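An overview of the molecular structure
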Amino acid sequence: MSSAQDLLESRPHSVAHLFLSRVGATPDREAYRHPVAVGQGTPGAEEWRSLTWAQAADRVTAIAAGLLSLGLRTEERVAISSSTRVEWIFADLGVMCAGAAATAVYPSTDADETAYILADSGSRAIFVEDAAQLAKVVEHADRLPDLDHAIVFDPEADPEADLPRAKGLDVLSLAELEERGRAYLGEHPEAVETTVASIEREQLATLIYTSGTTGRPKGVRLVHDCWSYQGAAQEVSGLLQPDDVQFLWLPLSHVFGKALISGQIQTGHVLAVDGRVDRIVTNLPVVRPTVMASAPRVFEKVYNGIAAKARAEGGAKYRIFRWAAQVARDHARTGQESLVATGSRKVPLWLGVQHALADKLVYGKIRAAFGGELRGSASGSAALAPDIGYFFAGAGVPVLEGYGLTETSAACTVNPVDDYRVGTVGRPLPGTEVRIAEDGEILLRGPGIMRGYHNLPEKTAEVLESDGWFRTGDIGEIDKEGFVRITDRKKDLFKTSGGKYVAPTEIEGRFKAVCPFVSNILVIGNGRNYCTALIALDESVLMPWAASNGLGGRSYAEVVSSPDVHALIDGFVQRVNGDLQRWQTIKKFSLLPRDLDVEHGELTPSLKVKRPVVEREYAELVEAMYEGAREA
């Protein structure tokens, strides 16, 4: 096997090159699994079906040829607006193999912003999942003079309804596009191979628009070499193996999900694809993944759900769970401390005995819920509370935190499977450099860095230095072994009126680690005398507690506003406060009447909190917490 450096230096010009090479090397190996509806009389019945690399290539090349038949040319944009499904991957690879560039659009994006993205990118065609996504395009078709074609994945989702259409917009199904492509290949059999061979590293491959917390999103320009590098770096890191089965549910419109496609093609492992979030728990024991990528919120919800179930069972079962949870944390933390000090994970005999017993009583069931084969789960997009990280590590489901941004084509650091450090985002991927600026900001340089913001040279100059260093906007540190730790988002740091700096993300993470009822928390205090918090609770965890504590039959809003729940949450606030400096402590908090969500504009599609939006929406609650405030 080639050395890491050789693999990186010999990476192909594009993922299109990589894909055709993979198909040639392992045509008959399984490439993808995806759910398909079965049966006529059983609503919801489905089964998982497989595709080999050769079968996938047949569809990808047909899509690529179909786009060429429509007149798409080098670097012209083709948008994709769909949930995560195998057709999204085929469309994206088809765009790449046609030499065009994909514009990723979140399916949850409203019609106005969808139109903005399509217009700003100059997209000439768009893949849409169904009639609902097409309707958003048609609504603002007059703003899209460049858009000529719309290709629908599911044109018959509602057989009784006609697809919405706009004057001058050519609408066809994915099957029709593939049919056109096969006809085109009949006349030009070498068209796709010739096009792929002509792709250069620095050609535009993808535009991904940052969801942002204020203003219009910015289009991040990622070239073919960004994705080719991601594939090589993921293999070199050891995160992915050829025999892996990876469960992919993350949004492919987000850079994290998109980067996983490169890693899978590089290593040739199986990718099981289903973006339905409500099916994750059901799918896991069926897919039985060996690796999975996720967002921290999923692990928080899993932990809270396990804790809530144990609490509801009460008595000895709850005491056993609490004991086992603490043993897991102690075992993982002690082993990590030993690893840092001696180079190997060792724990005292008594702790090992307790851990073995807890494994039989509790941890085995947790691993079974993940399918029983999971050797590691990559986590990114936000920080995972260390206590939750230690819990899963101790339970045998290590969460390997990584770090990256849209502007870095996803991962630039990741924790290795055999040397992970809870509380860090790992070491830099091979080929990526990391350094800390004088003000603590993390700077990155490497092949995965974007080539700029689309049509925004001034914004590009603000973050991208002439020597290639990218300003991340995150504050962090690097330890002596090269592990990176993120301490906060630079723009989120605030100073109290007393002149003390506060890192809200750190406090929020600590609270999520101790409070099983929290869904989202926003610490506030910029220019104020003291810190406060807006807290949204997880309805699925809170309501069972309410039913067993004299609050049954009440609505969620009524439960949240009750004195009993306020007292319950106050207990967790005081626990967190006990470990904070005086100026960091949460003096007052308000419980929100509902959770934050994407639909109300409070979360980005990647589930990051839009702080200005939330503070503005709940301004009255915030001001009430500071009425009559004195210096604290």
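Below, the structure is looked at part by part.

**Things to note about the packing of aromatic side chains**
All chains considered together, the criterion is met by 13 aromatic pairs. Measuring from ring centre to ring centre gives 6.0 Å for phenylalanine 127 and phenylalanine 153, while their planes differ by 35 degrees; the resulting arrangement is tilted. Taken as a pair, phenylalanine 127 in strand S5 (residues 125-128) and phenylalanine 153 in the loop between strand S6 (149-152) and strand S7 (170-173) lie far apart in primary sequence, 26 residues in all. The pair phenylalanine 127 / phenylalanine 153 is uniform in exposure class, with both members buried. Each residue in the set Phe299, Tyr303, Phe321, Phe370, Phe391 and Phe392 is aromatic and connected to the rest through ring pairs, giving one cluster.

**Re the sheet that holds strand S18 (residues 441-445)**
If you trace the 4 strands from one edge of the open sheet to the other, you get S17-S18-S19-S20, paired in antiparallel fashion. Two strands in the sheet have a free side with no partner beyond their single neighbour: strand S17 (433-436) and strand S20 (484-489). Ignoring which end each strand starts from, the neighbouring axes of this sheet average 50 degrees apart. Both S18 and strand S19 (residues 470-478) contribute to a ladder of 3 bridges, which runs antiparallel. Pairing of leucine 443 across the sheet is with arginine 471, part of S19.

**Here we look at a nonpolar patch on the surface**
A surface patch of nonpolar side chains, amounting to about 230 Å² of accessible area, comprises Ile320, Leu357 and Leu361. Note that isoleucine 320 resides in helix H13 (residues 315-342). Taking relative accessible area as the criterion, isoleucine 320 reaches 34% and is therefore assigned partly exposed.

**With respect to the pattern of salt bridges**
For the structure on display, the rule yields 41 salt bridges. In this structure, aspartate 597 engages arginine 594 in a salt bridge whose closest nitrogen and oxygen atoms are separated by 3.9 Å. Ionic contacts of the salt-bridge type, sharing partners, join the residues Glu46, Asp274, Arg276 and Arg279 into one network.

**Remarks on the pairing of strand S14 (residues 399-405)**
Judged by how many residues are buried, S14 sits mostly within the fold: 6 of 7 residues are covered. As paired elements, strand S13 (residues 376-379) and S14 share 3 bridges and run parallel to each other. Following the sheet pairing, serine 377 is matched in S14 by valine 399. Of the strand pairs in this sheet, S14 and strand S15 (residues 410-414) are connected by 4 bridges, and their pairing is antiparallel. If you follow glycine 402 over to S15, its bridge partner there is valine 414.

**A word on the pairing of S18**
Most of S18 sits inside the fold, with 4 of its 5 residues counted as buried. Across 4 bridges, the pairing between S17 and S18 is antiparallel. If you follow valine 434 over to S18, its bridge partner there is leucine 444. A loop of 4 residues connects S17 with S18, the two strands running antiparallel in sequence, and glycine 440 in this loop sits at a positive phi of about 95 degrees.

**Here's the deal with the packing of helix H2 (residues 15-25) against helix H4 (residues 86-97)**
Interaxial distance between H2 and H4 falls to 8 Å at its minimum, and their mutual angle equals 110 degrees. Viewed along their axes, H2 and H4 adopt a mutual orientation that is roughly perpendicular. Along the contact surface, H2 presents Val15, Ala16 and Phe19, while H4 presents Leu93, Met96 and Cys97. The residue inventory of the contact of H2 with H4, partitioned by class, reads 6 nonpolar, no polar and no charged.

**Some details on the sheet that holds strand S24 (residues 531-537)**
Strand order in the open sheet formed by 3 strands is S23-S24-S25, and the pairing between neighbours is mixed. Both edges of this open sheet fall to strand S23 (518-524) and strand S25 (586-591), since each of them pairs with a single strand only. Within this sheet the neighbouring strands show an average axis-to-axis angle of 25 degrees, counted without direction. Sheet analysis places S23 next to S24, joined by 6 bridges and oriented antiparallel. Paired with isoleucine 521 across the bridge in S24 is isoleucine 535. Running over the sheet, helix H17 (residues 504-514) touches S23, S24 and S25 and is turned about 150 degrees from S23.

**Considerations on H2**
Those residues of H2 not exposed but buried are Val15, Ala16, His17, Leu18, Phe19, Arg22 and Val23. Contacts made by the buried residues of H2 are with helix H3 (53-69), H4, helix H8 (191-197), helix H9 (224-237) and helix H10 (255-267). Where H2 starts, the residue carrying a side-chain oxygen 3.2 Å from the main-chain nitrogen of alanine 16 turns out to be serine 14.

**Points about helix H11 (residues 280-287)**
The complete set of buried residues in H11 reads Ile280, Asn283, Leu284 and Val287. End-on, the buried residues of H11 take up no more than an arc of 110 degrees, which puts them together on one face. Among the exposed residues of H11, those pointing more than 90 degrees away from its buried face are Val281 and Val286. Tucked inside the fold, the buried residues of H11 contact strand S1 (30-37), strand S2 (46-52), strand S10 (245-248), strand S11 (270-273), strand S12 (291-294) and helix H14 (349-369). Phi turns positive, to about 55 degrees, at arginine 288, one or two residues after H11.

**Concerning the side chain of threonine 408**
Within the element layout of this structure, threonine 408 appears in the loop between S14 and S15. The exposure class assigned to threonine 408 is buried, which follows from its relative accessible area of 2%. Ignoring anything within four residues of it in the chain, the contact list for threonine 408 reads Gln230, Leu444, Gly448, Ile449 and Phe470.

**Quick look at unusual backbone geometry**
The phi angle at glutamate 75 is positive, at roughly 70 degrees, despite the residue not being glycine. Examined against the element boundaries, glutamate 75 turns out to sit in the loop between H3 and strand S3 (77-81). The backbone of serine 409 sits at a positive phi, close to 50 degrees, despite the residue not being glycine. Tracing the backbone shows serine 409 in the loop between S14 and S15. A relative accessible area of 0% places serine 409 in the buried class.

Quick notes on the rules
Residues numbered from 1 in each chain as written. Predicted model: local features only at pLDDT ≥ 70, side-chain atom pairs only at ≥ 80, totals over all residues. Heavy atoms only, no water. Phe/Tyr/Trp six-rings, centres within 6.5 Å; stacked < 30°, edge-to-face > 60°. Helix = DSSP H or I, 4+ residues; strand = E, 2+ residues; numbered from the N terminus. Buried < 20%, exposed > 50% of the residue type's maximum accessible area, 1.4 Å probe, protein only. Pairing = 2+ DSSP bridges. Axes fitted to C-alpha atoms, helices over the stretch in contact; angles between N-to-C directions. Patch = residues over 30% accessible without salt bridge, like charges linked within 9 Å, V, L, I, M, F, W, Y side chains within 5 Å. Areas by Shrake-Rupley, 256 points an atom, 1.4 Å probe, with all protein chains shown as cover. Salt bridge = Lys/Arg side-chain N within 4 Å of Asp/Glu carboxyl O. Parallel < 35°, antiparallel > 145°, perpendicular 65-115°, else oblique. Contact = heavy atoms within 4.5 Å. Nonpolar A, V, L, I, M, F, W, Y, C, P; charged D, E, K, R; others polar. Polar contact = N/O pair within 3.5 Å; in protein donor to acceptor, adjacent residues only side chain to side chain. Arc of directions from axis to C-beta.

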